[in-house]
Amino acid sequence: NEEPYYAIVAVESENILSEKTTVEYRGSGKYALIVTPLKTEATTLNIKLNGDVIHFNTSVVAGIFDSSETSASGPGLKQAIAGEDSTFIIQSKDSGGNKKKKYDDLHFEVDLVLVERQPLPVQTN
């Protein structure tokens, strides 16, 4: 199946990198469109086929977890007392810095390492 000589296919959207967009003819009038989204959000793709525009709505979600983009915050990172609860929050993100949502990943493992021990103040009576 050769691509019809008269077919012109283009994709436009504010949320894609146009220079990375590829269109590949698959035969029987079918095309594969490969796009690279910029942000996690609802996205409209405007697909032009021989001048006619087809609007395609989709949702872009965060990609695979990337530890180098992930951050942690909260009081439990700076101080904890043995035997007492201490908390902190981990915000996991993908390689683009997009925040992972509540149910994107079921779990991830955390290793806590003591990097500095503060001497306890000595009380004298």
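Our subject in this report is the structure included herewith.

1. Notes on the packing of aromatic side chains
The geometry of an aromatic ring pair is captured by two quantities: the separation of the ring centres and the angle between the planes.
Now for step 1: Inspection of the entire model under this criterion finds 1 aromatic pair.
Now for step 2: Summarising the aromatic geometry, the rings of tyrosine 25 and tyrosine 31 are spaced 5.0 Å apart at their centres and angled 65° between planes, so their arrangement reads as edge-to-face.
Now for step 3: Given a relative accessible area of 22%, tyrosine 31 falls into the partly exposed group.

2. Describing the side chain of aspartate 66
Now for step 1: Take aspartate 66: it is sitting in the loop between strand E5 (52-59) and strand E6 (71-73).
Now for step 2: Here aspartate 66 occupies a buried position and makes no salt bridge, while the nearest side chain of opposite charge, lysine 100, is found at 11 Å.
Now for step 3: Those residues within four positions of aspartate 66 in sequence are excluded, and the remaining contacts are Lys93, Asp94 and Ser95.

3. Examining the layout of surface pockets
Now for step 1: Reported here for the largest pocket is a volume of approximately 810 Å³.
Now for step 2: Along the walls of the largest pocket sit 20 residues, with Lys78, Gln79, Ala80, Leu114 and Glu116 positioned nearest its centre.
Now for step 3: The residue inventory of the lining of the largest pocket, partitioned by class, reads 12 nonpolar, 4 polar and 4 charged.

4. Comments concerning the sheet that holds E5
Now for step 1: Across the sheet, 3 strands lie side by side as E1-E4-E5; this open sheet has antiparallel pairing. Two strands close off the open sheet at either side, each with one partner strand: strand E1 (9-12) and E5. Across this sheet, the average inter-strand angle for adjacent strands is 25°, counted without regard to direction.
Now for step 2: Pairing analysis gives 8 bridges linking strand E4 (residues 42-49) to E5, with the strands arranged antiparallel. Bridge assignment links lysine 48 to a residue of E5, and that residue is valine 53.

5. Things to note about the pairing of E4
Now for step 1: Of the pairings in the sheet, the one linking E1 to E4 comprises 4 bridges and is antiparallel in character. Residue pairing across strands places valine 11 opposite isoleucine 47, the latter belonging to E4.
Now for step 2: Counted between consecutive antiparallel strands, the loop separating E4 from E5 contains 2 residues, among which asparagine 50 sits at a positive phi close to 50°.

6. Concerning unusual backbone geometry
Now for step 1: Despite not being glycine, serine 28 shows a phi value in the positive range, around 55°.
Now for step 2: Its place among the elements puts serine 28 in the loop between strand E2 (22-27) and strand E3 (30-34).
Now for step 3: Although it is not a glycine, asparagine 50 adopts a positive phi angle of roughly 50°.
Now for step 4: Here asparagine 50 lies in the loop between E4 and E5.
Now for step 5: Taking the relative accessible area as the measure of exposure, asparagine 50 reaches 37% and is therefore partly exposed.

7. Quick word on the pattern of salt bridges
Now for step 1: All told, the structure shown has 2 salt bridges when counted by the stated rule.
Now for step 2: Between lysine 48 and glutamate 12 there is a salt bridge, and its shortest N-O distance comes to 3.3 Å. With lysine 48 in strand E4 and glutamate 12 in strand E1, this residue pair connects regions lying 36 residues apart in the sequence.
Now for step 3: In this structure, glutamate 24 engages arginine 26 in a salt bridge whose closest nitrogen and oxygen atoms are separated by 2.9 Å.

Rules used throughout
- Residues numbered from 1 in each chain as written.
- Predicted model: local features only at pLDDT ≥ 70, side-chain atom pairs only at ≥ 80, totals over all residues.
- Heavy atoms only, no water.
- Phe/Tyr/Trp six-rings, centres within 6.5 Å; stacked < 30°, edge-to-face > 60°.
- Buried < 20%, exposed > 50% of the residue type's maximum accessible area, 1.4 Å probe, protein only.
- Helix = DSSP H or I, 4+ residues; strand = E, 2+ residues; numbered from the N terminus.
- Lys, Arg positive; Asp, Glu negative; His and termini not counted.
- Salt bridge = Lys/Arg side-chain N within 4 Å of Asp/Glu carboxyl O.
- Contact = heavy atoms within 4.5 Å.
- 1 Å grid on protein atoms, 1.4 Å probe; cavity = no way out; pocket = protein on both sides within 12 Å on 5 of 7 lines; lining within 4 Å.
- Points joined across faces, edges and corners; volume = space filled by probe spheres on them.
- Nonpolar A, V, L, I, M, F, W, Y, C, P; charged D, E, K, R; others polar.
- Pairing = 2+ DSSP bridges.
- Axes fitted to C-alpha atoms, helices over the stretch in contact; angles between N-to-C directions.

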